[in-house]
Amino acid sequence: MKKFIPFGVLIVVIILALVYPSVTLTTIKDSKIDSGDTAWLLVSTALVLIMTPGLAFFYGGMVSKKNVLSTMLQSFVCMGVITVIWVIFGFSLAFGDSIGGFIGDPRTFFMMKGTLGNATWKLAPTIPLVLFAMFQLKFAVITPALITGAFAERIRFNSYVIFLCLFMIFIYAPLAHSTWHPDGFLFGKGVLDFAGGTVVHMSAGWAALASALYLKQRNDKAHAPARISYVLLGTGLLWFGWFGFNAGSALGSGTLAATALATTTTASAAAAMAWMFFDILRGKKPGVMGACIGAVVGLVAITPAAGFVTIPHSLIIGIVAAVVSNLVVIWRSSTSIDDTLDVFPCHGVGGMVGMLLTGVFAHQNVNAGNTTGNGLYYGETHLFFLHVITLIGVSAFAFFGSLLLLKITDMISTLRVTPEQELAGLDVSQHDEEL
C-alpha cells in the first residue's frame, strides 16, 4: 500500500487543479509594474534555481563514490517536491495574510489564486505577483537541500522526502513569514535579513546539526571525496546563481541591486582567500576544497547583509566568517558529531556571523529601507542587540523544531538505512543506480 501513497498524492494535486483552476484575472489600476525590474527578477529567478543543481555538484563531489548520485538527487528532488507544495499552499504560508505575525493564511494564495493579471506584492510593486512568488519559491527549494550535507550517506530517501516537506511547512514558512512579510513579527521588530541569512542559512544549519545528532555517526567515516572537480563546478554555479539570490532580493534593477551584487562578489572572494591563507597558517597546503568551501562561506555570510553594508565592510564579513567557520570545522572534527559535509559550521555558523555583522556594519545610507538604525560600528546599539536576541530565538526554534520533525518522520518512516545498505552505498541501496 505504501508504494501507492506518493502517486496518490499527485492524483490529489490533479483533482485540486481541476477544482481550483485560478482563472480569475486581477486588474489593478495605475499599475507600477516596470519592465526593467521585471526582466531582472526573471533572470534572478533563473539564477537562484541554478544554485540547487550547483549545490548538488558541490555536495556530490565531497561524498564517497558509492553515494554521489543519492546525494545529488537529494538536492534535485527539492525542485520538484517543494514546488508542488509552494503552488498549493506553501506561498500562502510564507506570504499570505498574516496570522499573529508568525505564519500566513494558507487560503490567501491557495493554488496560486489571485496571481493572474497585474497584481503585485506589497513590498515589490514594480514586478508581477506571480514573479515574486516564483522568485521566493527558489529560496524555499534550496533551503532543505542545504541540510542534506549533514546526513549524507546514511538516510533513507523516502524518509528524507517526508522530512523536507515537514521542514518547509513548519520551519521555513514561519521564518520566511516572520522575517519578510510586512506584518511579520521579526519584520515588525526591525530585524534585517536582506536575502536569507536567518531564513535560509541559519534554519538549514541548525536543522543540519539536529540531523547529525539524531542520526548519529556513520559506520564508515573514512572516505575520500569522489570528485573534487564536481566541488569546483558546484562552487562556480553557486557563486554565479548567488548574484540572483542577493542582488535579486532588491526586488528591482536599481542601485540597491548593484550594491548587493558588489558586496556578494567581494565577500566571497575575500572568504575564499581567507580560508586558504588560514589553512596555510595552520601548516596545511592550499587546496581546491578549502578555496571552494571558503567562497561558499563568504556567500552565506554576506547574504543577510548584502543590501545593508558597504563594499569595504563586506570584505571584513567574508574574512571573519571564513576564519570562524574554519575554526568551528576544526572543533567539530574533534567531537563525535558526524555532520558529514560540515553544514552547520559553514552554513549555520556562516549565517550567524553574517547576521551579527549586519548588526555591526549596516548603514542607512546603503539602504533607505533600513528604518531600524545603523550598526554597532557607527555607535548605535539597538540593531546589534536586536540581532543577538533574534539569533538566539531563531536558533532555538530551528534546532528543537527540527529535532521534533526528525522524530515524527522517524515514526512515520525509518530515517536511517541499515548497516548493510550503508555499506553497499545509497546509490545502489536506495536507487539501484551507480556512478
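Just so you know, the residues in each chain are numbered from 1, in the order the chain's sequence is written. Only residues with pLDDT of 70 or above have their local features reported here, since the model is predicted, and side-chain atom pairs are shown and tallied only from 80 upward, although totals for entire chains, interfaces and linings are computed over all residues. Heavy atoms throughout the structure, all of them, feed into the side-chain values; hydrogens and water do not.

## Notes on the packing of helix 7 (residues 197-215) against helix 13 (residues 382-412)
- Each axis is a line fitted through C-alpha atoms, and for a helix only the stretch in contact is used; angles between axes span 0 to 180 degrees, taken between their N-to-C directions. Elements are defined by DSSP. Helices are runs of H or I of four residues or more, strands are runs of E of two residues or more, and each kind is numbered from the N terminus. Taken N-terminus to C-terminus, the directions of helix 7 and helix 13 make an angle of 45°; their axes are 8 Å apart at the nearest point. Considered as vectors, helix 7 and helix 13 are oriented oblique to each other. The element helix 7 and its partner helix 13 pack so that their crossing is right-handed. Along its contact with helix 7, which presents T198, M202, S203, W206, A207, L209, A210, S211, L213 and Y214, the element helix 13 presents L391, V394, S395, A398, F399, S402, L403, L406, K407 and D410.
- Looking at the contact of helix 7 with helix 13 residue by residue, the classes come out as 13 nonpolar, five polar and two charged. Note on terminology: angles under 35 degrees are roughly parallel, angles over 145 are roughly antiparallel, angles of 65 to 115 are roughly perpendicular, and the others are oblique. What makes a crossing left-handed is the near helix being turned counterclockwise from the far one by less than a right angle; a clockwise turn instead makes it right-handed. Contacts are assigned to residue pairs with any non-hydrogen atoms lying within 4.5 Å of each other. Residues are grouped as follows: Ala, Val, Leu, Ile, Met, Phe, Trp, Tyr, Cys and Pro are nonpolar; Asp, Glu, Lys and Arg are charged; every other residue, Gly included, is polar.

## A look at the nonpolar core
- Among the nonpolar cores identified, the biggest contains 131 residues, and F58, W86, F91, Y160, Y172 and F245 are the most heavily contacted of them.
- Considering each element in turn, this core owes the most residues, 15 residues, to helix 5 (residues 157-180).
- In this structure Y160 touches Q74, V77, C78, P144, A145, T148, F151 and I155, once residues within four positions along its chain are discounted. Nonpolar core, defined: a set of buried Ala, Val, Leu, Ile, Met, Phe, Trp, Tyr and Cys residues in which side-chain atoms within 4.5 Å join the residues together. Burial status follows relative accessibility: with a 1.4 Å probe on protein chains alone, a residue under 20% of its type maximum counts as buried, one over 50% as exposed, and anything between as partly exposed.

## Quick look at the side chain of N367
- Along the chain, the position of N367 falls in the loop between helix 12 (343-361) and helix 13.
- Take N367: its relative accessible area is 10%, and that puts it in the buried class.
- Within polar-contact distance, the side chain of N367 engages the backbone oxygen of G307 at 3.2 Å.
- As used in this structure description, the phrase polar contact means that two N or O atoms lie within 3.5 Å; if the pair is within protein, one of them must be able to donate a hydrogen and the other to accept it, and residues adjacent in sequence are counted only when both atoms belong to side chains. Within the local environment of N367, its side chain forms a polar contact with the backbone nitrogen of G369, the two atoms lying 2.7 Å apart.
- Those residues in contact with N367 that lie beyond four places of it in its chain are F194, L256, G307 and F308.

## Some points on the UniProt feature "domain: Ammonium transporter AmtB-like" (unreviewed entry) in the chain
- The sites that UniProt annotates as "domain: Ammonium transporter AmtB-like" (unreviewed entry) are residues 39-433.
- The straight-line gap between the two end C-alpha atoms of residues 39-433 is 40 Å; of that span, 67% is helix and 1% is strand. UniProt positions are given in the numbering used here, feature names are shortened, and annotations may be inferred rather than shown by experiment.

## Points about helix 8 (residues 228-247)
- Given the number of residues in a helix, its expected span is that number minus one, multiplied by 1.5 Å. When the terminal C-alpha atoms of helix 8 are compared, their 29 Å separation across 20 residues agrees well with the 28 Å that a helix rising 1.5 Å per residue should span.
- Two axes enter the definition of the bend at a residue: one is fitted to the seven residues ending there, the other to the seven starting there, and the bend is the angle between them. Along its length, helix 8 shows its largest kink, about 30°, at G241.
- Every buried residue belonging to helix 8 is among V231, G234, T235, L238, G241, W242, F243, G244, F245, N246 and A247, and all of these are buried.
- Along its buried surface, helix 8 packs onto helix 2 (35-60), helix 4 (129-147), helix 7, helix 9 (255-281) and helix 10 (288-302).

## A few points about the packing of aromatic side chains
- Centres within 6.5 Å make a pair out of two Phe, Tyr or Trp rings, where for Trp the six-membered ring is used; the pair is then stacked when the planes are under 30 degrees apart, edge-to-face when over 60, and tilted otherwise. In the structure shown here, the tally under the stated rule is 26 aromatic pairs.
- Here F139 and F245 contribute two aromatic rings whose centre-to-centre distance is 4.3 Å and whose plane-to-plane angle is 20°, an arrangement assigned as stacked. In this pair, F139 sits in helix 4 while F245 sits in helix 8, placing the two residues 106 residues apart along the sequence. In this structure, F139 and F245 share a single accessibility class: buried.
- Between F399 and F400, the ring centres sit 5.0 Å apart and the planes meet at 80°, which makes this aromatic pair edge-to-face.
- A relative accessible area of 13% means that F399 is categorised as buried.

## Here's the deal with the pattern of salt bridges
- Salt bridge criterion: a side-chain nitrogen from Lys or Arg within 4 Å of a carboxyl oxygen from Asp or Glu. Inspection of every chain in the model, using the stated rule, returns seven salt bridges.
- One salt bridge in this structure joins D338 and R218, with 2.8 Å as the shortest N-O distance. You can see D338 sitting in the loop between helix 11 (311-333) and helix 12 and its partner R218 sitting in the loop between helix 7 and helix 8, a full 120 residues away along the chain. Residue D338 shares its accessibility class with R218, and that shared class is buried.
- Of the charged contacts, one joins D342 and R332 as a salt bridge, the two residues approaching to 2.8 Å between their closest N and O atoms. Here R332 lies in helix 11 and D342 lies in the loop between helix 11 and helix 12, a separation of ten residues in the sequence.
- On the basis of relative accessible area, D342 is assigned to the buried category, the value being 12%.
- Judged by relative accessible area, which is 13%, R332 ranks as buried.

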